[in-house]
Amino acid sequence: QVQLVESGGGLVQAGGSLRLSCAASGSTFRINAIGWYRQAPGKQRELVAHLTYGGSTNYADSVKGRFTISRDNAKNTVYLQMNSLRPEDTAAYYCNAGIGRGSTYFPLDYWGQGTQVTVSS
């Protein structure tokens, strides 16, 4: 099993920044990537960024240039730095542990508890 603990959500004004954290523990040898998803009310969960342990990163077009995913190997923690936030970024954000191959991310059934991000206009 892989355990994921998220932190860092909150309320911010449009144009502001937040940083989300996802700390992984347990059987992390089962995975080689972490993905950040978000789900807004009434919408499907969408992948916004993923990072492989080899260092490659990929972003959804909607966040490219504004969000940055990174990893602190010593802390086994993946971060999602979110800048220039927009009201449409409002959602519950979840980290997932999975497999990355090239630019494709394959989620496994390891999810964090979710953290709410609310961007006011």
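Residues numbered from 1 in each chain as written. Predicted model: local features only at pLDDT ≥ 70, side-chain atom pairs only at ≥ 80, totals over all residues. Heavy atoms only, no water.

What to know about the overall build of the protein
Phase 1 of the analysis: The helix and strand tally for the protein stands at zero helices and 11 strands.
Phase 2 of the analysis: Reading the secondary structure of the protein in the N-to-C direction produces β-β-β-β-β-β-β-β-β-β-β.
Phase 3 of the analysis: By the compact-globule yardstick of 14 Å for 121 residues, the protein fits well, its C-alpha radius of gyration being 13 Å.
Phase 4 of the analysis: Seen along its three principal axes, the alpha-carbon backbone of the protein occupies a region of about 40 × 30 × 25 Å.
Phase 5 of the analysis: In the protein, 57% of the contacts between residues at least 6 apart in sequence involve partners at least 24 apart.
Phase 6 of the analysis: When the accessible surface of the protein is summed, it comes to about 6,100 Å², and 47% of that surface belongs to carbon and sulfur atoms.
Phase 7 of the analysis: In the protein, the 11 positive side-chain charges and the 7 negative ones have mean positions that sit 4 Å from each other. (Helix = DSSP H or I, 4+ residues; strand = E, 2+ residues; numbered from the N terminus. Rg over C-alpha atoms; globule rule 2.2 N^0.38 Å. Contact = heavy atoms within 4.5 Å. Areas by Shrake-Rupley, 256 points an atom, 1.4 Å probe, with all protein chains shown as cover. Lys, Arg positive; Asp, Glu negative; His and termini not counted. Charge placed at Lys NZ, Arg CZ, Asp CG, Glu CD.)

Points about the sheet that holds strand E3 (residues 18–26)
Phase 1 of the analysis: The antiparallel open sheet is built from four strands, whose spatial order is E1-E3-E8-E7. Here the strands that pair on one side only, and so sit at the sheet edges, are strand E1 (2–7) and strand E7 (67–72). Within this sheet the neighbouring strands show an average axis-to-axis angle of 20 degrees, counted without direction.
Phase 2 of the analysis: Inspection of the sheet shows E3 paired to strand E8 (residues 77–82) by six bridges, in the antiparallel sense. In the strand pairing of E8, Arg19 is matched with Gln81. (Pairing = 2+ DSSP bridges. Axes fitted to C-alpha atoms, helices over the stretch in contact; angles between N-to-C directions.)

Description of the packing of aromatic side chains
Phase 1 of the analysis: Overall, the coordinates contain three aromatic pairs when judged by the stated rule.
Phase 2 of the analysis: Residues Tyr37 and Tyr105 carry aromatic rings whose centres are separated by 6.3 Å and whose planes lie at 55 degrees to one another, so their mutual orientation is tilted. Remark: Tyr105 occurs in strand E10 (residues 104–111) and Tyr37 occurs in strand E4 (residues 33–39); sequence separation between them is 68 residues.
Phase 3 of the analysis: Given the relative accessible area of 9%, Tyr37 is considered buried.
Phase 4 of the analysis: When the ring centre of Trp111 is taken as origin, the NZ or CZ atom of Arg45, which lies over that ring, is 4.6 Å away. (Phe/Tyr/Trp six-rings, centres within 6.5 Å; stacked < 30°, edge-to-face > 60°. Buried < 20%, exposed > 50% of the residue type's maximum accessible area, 1.4 Å probe, protein only. Lys NZ or Arg CZ within 6 Å of the ring centre and 35° of its normal.)

Looking at unusual backbone geometry
Phase 1 of the analysis: Positive phi, close to 50 degrees, is recorded for Asn76, a residue that is not glycine.
Phase 2 of the analysis: Within the secondary structure, Asn76 sits in the loop between E7 and E8.
Phase 3 of the analysis: Even without being a glycine, Ser84 presents a positive backbone phi close to 50 degrees.
Phase 4 of the analysis: As for its position among the elements, Ser84 is in the loop between E8 and strand E9 (91–101).

Overview of the pattern of salt bridges
Phase 1 of the analysis: The final tally for this structure, using the stated rule, is four salt bridges.
Phase 2 of the analysis: Note that Glu46 and Arg38 form a salt bridge whose closest N and O atoms lie 2.7 Å from each other.
Phase 3 of the analysis: With a relative accessible area of 33%, Glu46 lands in the partly exposed category.
Phase 4 of the analysis: The structure contains a network of salt bridges with shared partners spanning Arg38, Glu46, Arg66 and Asp89. (Salt bridge = Lys/Arg side-chain N within 4 Å of Asp/Glu carboxyl O.)

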